[in-house]
Structure formats: C-alpha cells, structure tokens
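Letter by letter, the chains look like this.
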Amino acid sequence: MLLDSTKFASTNRNDLWWVEPLATGLGFLCFVIYTTWAMFQAGHYYAAPYLSPLYSPTLMVDPTAAGSAPLGTAWFGAWPGWWPKFLPPSPAMLVLIGPLSFRLTCYYYRKFYYRSYFATPMACAVTALPRKDYKGETHLLLFQNIHRYTLYIAIGYIIILTYDVFQAFFKHGHFGFGVGTLVLYINVLLLSQYTFGCHAFRHLVGGRMDCFSCANGKEHLGYTLWQRFTHLNEHHMFWAWVSMIWVGFADFYVRMVSMGIWHDFNTWGH
C-alpha cells in the first residue's frame, strides 16, 4: 500500500503511534489547567513552614489572604495598591514566567508540543498537517534560542527552592521535619535532575568543546563533567515529566495542609 503524503496523518505504521502525542498533550494540558487555577487562588500556598514551589519566591505578599506567607518573608513587602483589581494579588503571577520560559524552550518540550498541538508531524513517518510555506522552527527561532539563557533562571530557581527546603526544617524557630519537608526535598531533587540534564547545561559544563576526540580532549575536565551529566540527559524526558508532575503535587500538598484538609505528620507534634 502506497503512502498518500498529501493526506493528514497518513502512514504505513501499524503500531499505536498516536498514543504518545495524545497522552503527552493531555498530560501537559492538565498541568497547565491546574497551575493556572492554583495561580489565581492567591492563597493557601503557605502552611508553616512549607511554601508552595509555584509561589516561590514570594516577591510580594497580601497578608489579608488566607494561607498566605508571612509578610516578613516577602522580598518587596506588601502587595502594592496600584495592582489591577481584576487580577488577584498572587505571587505566582510574578515568578512562574521564569521556570515556564525554561520548559517551553526545552528541546524535549519543543518536540512534544510540536507533535501534540501542532501536528508537525504527530509522529515519525506520519504525514504532518498540511501548511503553506512551512518553515519549521524558524518562525520561533529567536524565542527558542533563549533556552540557553533561561537555564540560568532555572538554576537560580533551584537555589531558591533549596533554601525553602532548609526553611522547611524549622517551624517557629524549632528544628524538625515533616512529610511536607520530604515533599519539598523531592521536588528540588527532581527539578535538579531535569535542569542539570538539560542539553544547554551539558554544553556549558562540557567546556563548549566541539571535538572531544581531538588531542587532549578526553583529558579535559569539561569532558568528564560532560560524561557525568550525559547520564541525566539520556533520561531527560523522564525527568521532565516526573519533575513537572511533582511540582504540581507539592503545591497541592501545601494547599491541602494550609486548608486543614490534610494533616502533616511531623516531629513538631502539631
């Protein structure tokens, strides 16, 4: 049977090739819906000593909102009076653009959303959605190339979240730990695996060498680092998904504890 290259989704493949683009498209859509909802709540993102990763860092705080972080933790104090009334005073609105820009320009995420949402193509050896004057990534090339720069934002974000984990060991000045501490720790761990397995980071620590097989190439410190982080890069898709899912779960956990729906088992006794 000949392949009709003019017909959308035409292919000679007999496997369930459509499952992956459908599942990844729906999975990411669910994450976007949840994070958008959580962002607009503007409350219940803090349950001492736990701070939701979707709201970290708390640049500004509305102390009147239920479940908000203490005013003393805000980088720039209370929420300004000039903030538009139709937008909730949500710290998440000010911080999510950073990690989101890193993920949207990630090589793996490009692959999945081009396939799931733009069908260009949906899978290998499957006819893409017909387009006039299609130029691939060139229309978004400037935007996509900021990935190497958003890497530094992602690294800074991990440093901030690591500090949040440190804070999660102290409740009202008393050292201890709880389930929430573990949830936030795992969140940083998974995000680190995803970020430091990034192609851009591997290139950065690899010394930006184009030829490791050249003279003294394999003796270069960058080559050693490149090898180490290549192990993470080989499972980049896995880390991308589990870290994204856990970020959502970490926010959900803190939210449930803040609302009094879930009890956080901890060593503080309350």
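Structural data are supplied above this passage.
Residues numbered from 1 in each chain as written. Predicted model: local features only at pLDDT ≥ 70, side-chain atom pairs only at ≥ 80, totals over all residues. Heavy atoms only, no water.

Considerations on empty space enclosed by the protein
Piece 1. Per the counting criterion, the structure on display carries one cavity of 30 Å³ or more.
Piece 2. Its boundaries defined by the atoms lining it, the largest cavity holds a volume of some 40 Å³.
Piece 3. Surrounding the largest cavity, Leu51, Pro53, Leu161, Asp164, Val165, Leu184, Asn187 and Val188 form its lining.
Piece 4. Elements that contribute at least two residues to the lining of the largest cavity include exactly α6 (147–167) and α7 (179–195).
Piece 5. Looking at side-chain class alone, the lining of the largest cavity contains six nonpolar, one polar and one charged residues. (1 Å grid on protein atoms, 1.4 Å probe; cavity = no way out; pocket = protein on both sides within 12 Å on 5 of 7 lines; lining within 4 Å. Points joined across faces, edges and corners; volume = space filled by probe spheres on them. Helix = DSSP H or I, 4+ residues; strand = E, 2+ residues; numbered from the N terminus. Nonpolar A, V, L, I, M, F, W, Y, C, P; charged D, E, K, R; others polar.)

Topic: the layout of surface pockets
Leftover empty space is mapped by rolling, across the atoms, a probe with the size of a water molecule.
Piece 1. Within this model, the largest pocket holds a volume of roughly 460 Å³.
Piece 2. Phe31, Thr35, Leu96, Pro99 and Leu100 are, among the 23 residues lining the largest pocket, the residues nearest its centre.
Piece 3. Listed by contribution, the elements that provide at least two residues to the lining of the largest pocket are α1 (19–41), α3 (97–104), α6, α7 and α10 (236–258).
Piece 4. Per-class residue counts for the lining of the largest pocket are 19 nonpolar, three polar and one charged.
Piece 5. Looking at the second largest pocket, it is lined by 17 residues, and the ones nearest its centre are Leu51, Thr73, Tyr163, Asp164 and Gln167.
Piece 6. Counting residues per element, the lining of the second largest pocket draws most heavily on α6, which supplies four residues.

A short note on the packing of α6 against α7
Piece 1. It is at 9 Å that the axes of α6 and α7 come closest, and there the two elements cross at 160°. Taken together, the axes of α6 and α7 lie roughly antiparallel to each other. Pair α6 / α7 crosses with left-handed handedness. Where α6 abuts α7, its residues Leu151, Ala154, Ile155, Tyr157, Ile158, Leu161, Thr162 and Val165 lie against Leu184, Tyr185, Asn187, Val188, Leu191, Ser192 and Thr195.
Piece 2. In terms of residue class, the contact of α6 with α7 is built from 11 nonpolar, four polar and no charged. (Axes fitted to C-alpha atoms, helices over the stretch in contact; angles between N-to-C directions. Parallel < 35°, antiparallel > 145°, perpendicular 65-115°, else oblique. Left-handed = near helix turned anticlockwise from the far one by under 90°. Contact = heavy atoms within 4.5 Å.)

Section: the nonpolar core
The tendency in soluble globular proteins is for nonpolar side chains to be buried side by side.
Piece 1. Counting 28 residues, the largest nonpolar core has Tyr45, Tyr50, Leu54, Tyr55, Leu184 and Leu191 as the members making the most contacts within it.
Piece 2. Considering each element in turn, this core owes the most residues, five residues, to α10.
Piece 3. Those residues in contact with Tyr55 that lie beyond four places of it in its chain are Ala38, Met39, Gln41, Ala42, Gly43, Tyr45, Ser90, Pro91, Ala92, Val95, Asp251 and Arg255.
Piece 4. One finds Leu151, Leu190, Phe201 and Trp239 within the second-largest nonpolar core, a separate group that totals 23 residues. (Core = buried A, V, L, I, M, F, W, Y, C linked by side-chain atoms within 4.5 Å. Buried < 20%, exposed > 50% of the residue type's maximum accessible area, 1.4 Å probe, protein only.)

A look at the environment of Gln167
Piece 1. Position of Gln167 relative to the elements: it lies in helix α6.
Piece 2. Given a relative accessible area of 33%, Gln167 falls into the partly exposed group.
Piece 3. Note: C-alpha distance between Gln167 and Phe177 (10 residues apart in sequence) is 10.0 Å.

Here's the deal with α10
Piece 1. For α10, spanning 23 residues, the distance from its first C-alpha to its last is 33 Å, which sits close to the expected 33 Å at 1.5 Å a residue.
Piece 2. Where α10 terminates, the next one or two residues include Gly260, which has phi positive at roughly 80°. (Expected span 1.5 Å × (residues − 1).)

Section: α6
Piece 1. End to end, α6 covers 30 Å across 21 residues, agreeing with the expected 30 Å (1.5 Å per residue, within 8%).
Piece 2. Looking at α6, one finds that the buried residues are His147, Thr150, Leu151, Ala154, Ile155, Tyr157, Ile158, Leu161, Asp164 and Val165.

These values are about where atoms sit, not about what they do.
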